[in-house]
Amino acid sequence: MGLTEVEFWEDYWAGCRLPATIDEGFSFERCLAAELRRNLSGTKGEVLEVGCAPGKWLAFAAKEMGLKPSGIEYTRAGMAATIKNLKMLGVEYGDIWEGDFFKLKPSRLFDVVMSFGFIEHFENVDEVVRLHMDWLRPGGMLILGVPNFRGVYRPVQAILDREILDKHNLKIMTPDYFRGLAQRHGLLIKSLGYIGSFEPALPMIKPGSGGVARTAIKGVLKILSRLRRLQIFDSINSRFFSSYILAVYQKKAES
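Just so you know, the residues in each chain are numbered from 1, in the order the chain's sequence is written. Local features in this predicted model are restricted to residues whose pLDDT is 70 or higher, and side-chain atom pairs enter the listing and the counts only when it is 80 or higher, whereas totals over whole chains, interfaces and linings include all residues. Only hydrogens and water are set aside; all other atoms, that is, all heavy atoms of the structure, feed into the side-chain values.

Things to note about helix H7 (residues 175-185)
Next up, step 1: Along H7, the positions that sit buried rather than exposed are Pro175, Tyr177, Phe178, Gly180, Leu181, Ala182 and His185.
Next up, step 2: Contacts are assigned to residue pairs that have any heavy atoms within 4.5 Å of one another. Every helix listed is a DSSP run of H or I at least four residues long, and every strand listed is a run of E at least two residues long, numbered separately from the N terminus. On the buried face of H7, the contacting elements are helix H5 (125-134), strand E5 (136-147), strand E6 (187-195) and strand E7 (244-251).
Next up, step 3: Within two residues after H7, Gly186 carries a phi angle of roughly 65°, on the positive side. Accessible area is worked out with a 1.4 Å probe on protein chains only. A residue is then buried under 20% of its type maximum, exposed over 50%, and partly exposed in between.

As structure tokens, then:
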């Protein structure tokens, strides 16, 4: 992570509005929450989220599944926001570590390790996934989620702000990549596929940008955001327009 990004996230999390919880009126969060309920039903123990600020998915896992949450966050402000958020929500937590994920060494193993919108920011994704697994106990569940900037989102995002595409590893945004991960790392696939249907909030707009094309796209996305409040679209998914890929694995138990 570059210096500019560190400064951005320090400022962002320092000004984050708390408490932060899952908003099921927001179509993406509603869809991801539904998948987590389905896949984590009956799971016991502790959960670790990599890139956890501001802790709303940790709070969700604690309140809905009874999992004790811990997290890793790169910035001091992100760590502070997560701790404050969990305290405000009355969630008992384990550890919230601040530091570089590539340098931290596991002090204990977890029953569930998850990250959402994290691994796609790296070129050496297989190594990042291996580090996730270092924190996961044998038989535990690994949950990885990435946005889908392929399909219809690629040309739309290129018009709105091409730099966003440059900051994401688009090569991994396909189920085939996640199937390959399972083979290379000895993981059992529990669930894998596109979720979220079309998500008008996924394309990111450069602040202060104008132009006819950008203005037209922003108008269309605003109209579509109203339609996506309807849950009837949640189950309609395709590689061309679904906003997210979610992979749920089980780490093989030691023999």
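As for a nonpolar patch on the surface
Next up, step 1: Residues enter a patch when their relative accessible area is above 30% and they make no salt bridge; the linking distance is 9 Å between like charges and 5 Å between nonpolar side chains (Val, Leu, Ile, Met, Phe, Trp, Tyr). The accessible surface values rely on the Shrake-Rupley method and a 1.4 Å probe; as for residues, cover is taken only from the protein chains in view. Just to be clear on terms, a salt bridge is a Lys or Arg side-chain nitrogen sitting within 4 Å of an Asp or Glu carboxyl oxygen. On the surface, Leu227, Leu230 and Ile232 cluster together into a nonpolar patch covering about 290 Å² of accessible area.
Next up, step 2: Relative to the elements of secondary structure, Leu227 occurs in helix H8 (residues 212-227).

Focus on the sheet that holds strand E1 (residues 46-50)
Next up, step 1: A pair of strands is treated as paired once DSSP finds two or more bridges between them. Here seven strands make up an open sheet; going across it, the order is E3-E2-E1-E4-E5-E7-E6 and the pairing mixed. Unpaired on one side and paired on the other, strand E3 (96-98) and E6 mark the two borders of the sheet. The sheet shows a mean angle of 15° between the axes of neighbouring strands, taken without regard to direction.
Next up, step 2: Inspection of the sheet shows E1 paired to strand E2 (residues 68-73) by five bridges, in the parallel sense. Residue pairing for E2: Glu49 is matched across the bridge by Gly71.
Next up, step 3: Set on the sheet, H7 makes contact with E5, E6 and E7; between it and E6 the angle comes to about 170°. Each axis is a line fitted through C-alpha atoms, taken for helices only over the stretch in contact, and angles between the N-to-C directions span 0 to 180 degrees.

Concerning the pattern of salt bridges
Next up, step 1: Under the definition given, this model contains 15 salt bridges.
Next up, step 2: Close ionic contact of Arg76 with Glu98 constitutes a salt bridge, the shortest N to O distance being 3.3 Å. With Arg76 in helix H4 (residues 76-88) and Glu98 in strand E3, this pair connects stretches of sequence that are 22 residues apart.
Next up, step 3: With a relative accessible area of 53%, Arg76 lands in the exposed category.
Next up, step 4: You can call Glu98 partly exposed: its relative accessible area is 31%.
Next up, step 5: Residues Arg184 and Asp126 are paired through a salt bridge, measuring 2.6 Å at the closest nitrogen-oxygen approach. On the criterion of sequence distance, the pair formed by Arg184 in helix H7 and Asp126 in helix H5 is long-range, its members being 58 residues apart.
Next up, step 6: For Asp126, a relative accessible area of 25% corresponds to the partly exposed category.
Next up, step 7: If you follow the salt bridges from partner to partner, you end up with Glu24, Arg37 and Glu64 in one network.

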